[in-house]
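Chain by chain, the residues:
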Number of protein chains: 2
Amino acid sequence: MMFSKSCEYAIKAVIHLCMETRDGKRLSVADISEAIESPEPFTAKILQTLARHGFISSAKGPGGGFYIEKNAAPIVVMDLVELIDGDQAFNRCGLGLKECSEDHPCPIHNEFKSYSARLKKLLESKTIQQLAAEIKAGRAFLVNS
Amino acid sequence: MMFSKSCEYAIKAVIHLCMETRDGKRLSVADISEAIESPEPFTAKILQTLARHGFISSAKGPGGGFYIEKNAAPIVVMDLVELIDGDQAFNRCGLGLKECSEDHPCPIHNEFKSYSARLKKLLESKTIQQLAAEIKAGRAFLVNS
DNA sequence: CATATTTCGGATATGTATATCCGAAATATG
DNA sequence: CATATTTCGGATATACATATCCGAAATATG
Ligand code: FES
Ligand code: FES
């Protein structure tokens, strides 16, 4: 498993927000969790974390909800992953050694590291906005059906 | 996290067996778990699973233990992974869609799939015996210190 | 045969990610 | 100001991977 569930929901939620709140609209937890097919209270926790760290904005009260500012900077996918999953996803040794290093490599280090490093680089160059564009263009999907 | 703990221990244990039981010797659970720094009873479970599926051999009673037959065929790393972790490791969608497919891809499918597929191919071409050789040559390590 | 050793299999315990619940705070509306 | 709506934060529950325990079966040895 590459990402945690939390991280999967986080990525999907921010993509959805990015698509739906361009024009000052706001989405409630219920809206979002329904759209991305995720458990509502669990999604709420994640959205709160994202808001607390400034990845998204939030407003309380009637008509409130979560949104992304019009002039907000593009969100790098890898930044989301690092917030939610820490360095568990990419800097960990594939066989559980305390640390992954060239000096003291496990026997699958070369296979493992070269590919995880390249994937990491790719996610560092991808933004949520780019992914959202793929969805809008109908070339990718956030849910099953 | 790429592999489960069970899978990490399985790979390490079989590598260790491969290195230490070439000459008809047998290793007890205690020997193995100490060598690869894994919890003993948990390791026992994994070794039993591996033996039940024919990846390794076992003998009860005094002088017994786990071992690999002299004339045993090389063990493909990916086969171990599939036994222990199923297809969770490689055939799953990175964003949690029910299935990963070209027809209905999630927005990170292209990044994700092309690299996980290549890693999978590599693990299908690597054998435990090859990894054991790396350890013996001092170019790779199974434990930290 | 008696004993010690070791794997085997099932039941149980622990830890952690996942998921839920609830009361408080903020805020828009009338 | 009263009310409804919504996020916020902390506490709690659930599910599953991880880890342990224990009695039974097998077997080498004397
Ligand atoms: S040391 Fe194991 S993956 Fe780098
Ligand atoms: S559909 Fe998500 S990784 Fe292939």
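Structure: above.
No experiment lies behind these values; they were computed from the predicted model shown.

Undergrad: What is the right way to read the overall build of chain A from this model?
TA: Counting secondary structure elements, chain A contains six helices and two strands. The linear arrangement of helices and strands in chain A, starting from the amino end, is α-α-α-β-β-α-α-α. Projecting the C-alpha coordinates of chain A onto the three principal axes gives extents of approximately 55 × 30 × 30 Å. Within chain A, buried positions represent 50% of all 145 residues. For chain A, contacts bridging at least 24 residues in sequence account for 63% of all contacts bridging at least 6.

Undergrad: Could you clarify how one ought to interpret the protein's contact with DNA strand D in this entry?
TA: For DNA strand D, the set of nearby residues contains 25 residues, the closest of which are Lys 45 and Ser 58 of chain A together with Lys 5, Pro 39 and Pro 62 of chain B. For DNA strand D, the fraction of atoms within 4 Å of the protein that belong to sugar or phosphate moieties is 65%. A distance of 3.5 Å separates a base oxygen of DNA strand D from a polar backbone atom of Pro 62 of chain A. In this structure, Tyr 9 of chain B approaches DNA strand D through a side-chain N or O atom, which is 3.4 Å from a phosphate oxygen. Those elements that place two or more of their residues in the surface near DNA strand D are helix 3 (40-52), strand 1 (57-59) and strand 2 (65-67) of chain A together with helix 1 (5-20) and helix 3 (40-52) of chain B. Here the surface near DNA strand D is built from residues that sort into 10 nonpolar, nine polar and six charged.

Undergrad: I tried to follow the pattern of salt bridges on my own but got confused; where do I start?
TA: A side chain with one charge can pair with a side chain of the opposite charge if their charged atoms come near. Within the structure shown, the criterion is met by nine salt bridges over all chains. Between Glu 8 of chain A and Lys 5 of chain A there is a salt bridge, and its shortest N-O distance comes to 3.4 Å. Of this pair, Glu 8 of chain A and Lys 5 of chain A both sit in helix 1 (residues 5-20), three residues apart, which is roughly one turn of the helix. Here Glu 8 of chain A falls in the buried class, since its relative accessible area comes to 1%. Where Arg 92 of chain A meets Glu 8 of chain B, a salt bridge forms, and the shortest distance between an N and an O atom there is 3.0 Å. Here Arg 92 of chain A, found in the loop between helix 4 (77-85) and helix 5 (109-125), pairs with Glu 8 of chain B, found in helix 1, and the two come from separate chains. When salt bridges that share partners are traced, they join Lys 5 and Glu 8 of chain A together with Arg 92 of chain B into one network.

Undergrad: Teacher, can you tell me more about the interface of chain A and chain B here?
TA: By a widespread convention, an interface's size corresponds to the accessible area lost as its parts come together. Residue-level contacts link 38 residues of chain A with 39 residues of chain B. Summed over both partners, the interface of chain A with chain B comes to about 3700 Å²; 62% of that surface belongs to carbon and sulfur atoms. Where chain A touches chain B, the interface holds four salt bridges. Between Glu 111 of chain B and Lys 126 of chain A there is a salt bridge whose closest N-O contact spans 3.1 Å.

Undergrad: Honestly, the protein's contact with DNA strand C in this entry has me stumped. Any pointers?
TA: By nearness alone, 25 residues border DNA strand C, and Lys 5, Pro 39 and Pro 62 of chain A together with Lys 45 and Ser 58 of chain B come closest of all. At a separation of 2.8 Å, a phosphate oxygen of DNA strand C approaches a polar backbone atom of Lys 5 of chain A. Arg 52 of chain B is positioned with one of its side-chain polar atoms (N or O) 3.5 Å from a phosphate oxygen of DNA strand C. At the level of secondary structure, the elements contributing two or more residues to the surface near DNA strand C comprise helix 1 and helix 3 of chain A together with helix 3, strand 1 (57-59) and strand 2 (65-67) of chain B. Across the surface near DNA strand C, the residue classes break down as 10 nonpolar, nine polar and six charged.

Undergrad: How should the side chain of Thr 43 of chain A be read in this particular structure?
TA: Residue and element names in this part refer to chain A. Mapping Thr 43 onto the fold places it in helix 3. You can call Thr 43 buried: its relative accessible area is 1%. Residue contacts for Thr 43: discarding those within four places in its chain leaves Ile 32, Ser 33 and Ser 38.

Rules used throughout
- Residues numbered from 1 in each chain as written.
- Chains lettered and ligands numbered in written order.
- Predicted model: local features only at pLDDT ≥ 70, side-chain atom pairs only at ≥ 80, totals over all residues.
- Heavy atoms only, no water.
- Helix = DSSP H or I, 4+ residues; strand = E, 2+ residues; numbered from the N terminus.
- Buried < 20%, exposed > 50% of the residue type's maximum accessible area, 1.4 Å probe, protein only.
- Contact = heavy atoms within 4.5 Å.
- Near = heavy atom within 4 Å.
- Polar contact = N/O pair within 3.5 Å; in protein donor to acceptor, adjacent residues only side chain to side chain.
- Nonpolar A, V, L, I, M, F, W, Y, C, P; charged D, E, K, R; others polar.
- Salt bridge = Lys/Arg side-chain N within 4 Å of Asp/Glu carboxyl O.
- Buried area = accessible area lost by both parts, 1.4 Å probe.

Scope: geometric values only; no functional claims are made or implied.
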